[in-house]
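Observations on the model geometry
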Amino acid sequence: MSDTTWQQTQLSPSRGGLGFRSLSRHSSAAFISSLCSSGFGLQSSHHLSQAIETFNSLVSPADAVSVESLLTSSVSQKYLSGKLDDRVFNMLLNSSSVADKARLLSVSSPHAASWLSVVPSENLGLHLDPPVFQVAIKWWLGLDTSEGSQCALCPGSTLDHLGHHAVTCKYGGDVVSRHNRIRDILVETCRRAHIGVKVEVGNNLSRDHSKTRPADILLLNWFLGRTAALDVSITSPLNPVTLLEAGVSATAAAQATEARKHQANDPKCSELGWVCVPMVVETYGAWGKEAKAIISSVASRLATSTCRPKSTILHEIYVFCRRAHLSVSVEVGQGLSRVQSNSRPADVLVDACERAKPATFDVTVTSPLTLATLHDACNSAGVAAHKAECRKHSSNDPKCQELGWVCVPLAVESYGNWGKEAQNTFARLASILSISLHCPKAKVLIEFMGS
């Protein structure tokens, strides 16, 4: 770890660090704030003069303090330490490359560091497995996460050290998985707040028969009786198209994506009587202005209905969205970069599901009428699904063992017959749902299998 990276770790999470503050750097701030709180000996303390001199040497001239200013208004250690962090952050920014400037501005944006300050509760789904957390920290600090390897999903592409390709590679479905996870979290939050929601609406509704959807999430009667069409999008501040702007202004990549979404969707939404609202989040966790306004309004409604503090709910929303992004980016995308194969063992990755290990659900649809299984399928039901499970185990078990996962094929035949492992998995999920929903397991299982 270089001195520059170590300096970043000593910053507070709100400024893109890890909160490992330097005692020698912040000791003067602690002494000044402590003496101000007691109000004892401010005018005659020789030690206070020394502490002020030390503090002023570590901050910019505009943030310097004096005995006279401390007499008129007391200051907290949080305020003084913030000024010390600002000086270090600006020094890091001025000495960094354009890409690192974009990264630093993004990780220091509001709510980007929520995942670092939350209690890592496994029961609440707020934890990250150690291997995932380690890679996420390296990515956050700008350390090399590629190990000089090639992308497993698009041969010929080398992974860059800042991880831009790993989180933006369009092959393998990681981009879609991240998008869908964040969309589902927002949908569930809106439903908990008793907001009318529809999902994936707008395809082919406009007169030009465009194949694009102006709405990932549709909030009914949201603003002045008009429906809001939320279009979820994830963008990277390291994208070459917006890199120069992102290296100067925080959330520049998110703002550019918002503008593109409005240009593409405003005509369709106007035709349908909707209001277009781009829900843009950057790969490092910074949210666009319009997205933050929507999330704040949803949190207000949820706080009213649940009698919980809005700040707590707001923090949870950002943490869940961030965790969903990190889980897919690191576990499925970055983790598989070390497996030199174009296939991927996980359609769905579930934390600590099988024997305290993550389970990889690999969904596959097979037909009992294929020539390879037709003869056996005539004599025994479920043979096609069973053979599909065996093929998946043969293909995926070595990769899953390398990554510490358990392979669970979810095979279904074209006529609706599910494989044995899929049935067992559904039974376990139904048991968990029946407890949380206070509903008979048999009813949950019937509805689950029927859908």
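Above: the structure in question.
So, a few notes on the structure that sits alongside this text. Remember, predicted model here, so these are calculated numbers, not experimental data.

The backbone of His111 shows a phi angle near 75°, a positive value even though the residue is not glycine. With respect to the helices and strands, His111 occurs in the loop between helix H6 (98-107) and helix H7 (114-117). With a relative accessible area of 32%, His111 lands in the partly exposed category. Phi at Thr251 is positive, roughly 60°, even though this residue is not glycine. Considering the arrangement of structural elements, one finds Thr251 in the loop between helix H11 (243-246) and helix H12 (252-272).

Bringing a nonpolar patch on the surface into the picture now. There is a patch of nonpolar side chains on the surface, built from Leu369, Leu371, Leu374 and Tyr415 and spanning about 500 Å² of accessible area. Turning to its location among the elements, Leu369 is positioned in the loop between strand E6 (357-366) and helix H15 (374-377).

What follows deals with the pattern of salt bridges. Summed over the entire model, instances satisfying the criterion amount to nine salt bridges. Arg21 is the partner of Asp85 in a salt bridge, and the nearest nitrogen-oxygen pair spans 3.0 Å. With Asp85 in helix H5 (residues 77-94) and Arg21 in the loop between helix H1 (3-9) and helix H2 (23-38), this pair connects stretches of sequence that are 64 residues apart. The class of Asp85 is buried, set by a relative accessible area of 1%. A salt bridge links Asp100 to Arg103, with the shortest nitrogen-to-oxygen separation between them at 3.1 Å. Of this pair, Asp100 and Arg103 both sit in helix H6, three residues apart, which is roughly one turn of that helix. Like Arg103, Asp100 is buried.

Rules behind the numbers
Residues numbered from 1 in each chain as written. Predicted model: local features only at pLDDT ≥ 70, side-chain atom pairs only at ≥ 80, totals over all residues. Heavy atoms only, no water. Helix = DSSP H or I, 4+ residues; strand = E, 2+ residues; numbered from the N terminus. Buried < 20%, exposed > 50% of the residue type's maximum accessible area, 1.4 Å probe, protein only. Patch = residues over 30% accessible without salt bridge, like charges linked within 9 Å, V, L, I, M, F, W, Y side chains within 5 Å. Areas by Shrake-Rupley, 256 points an atom, 1.4 Å probe, with all protein chains shown as cover. Salt bridge = Lys/Arg side-chain N within 4 Å of Asp/Glu carboxyl O.

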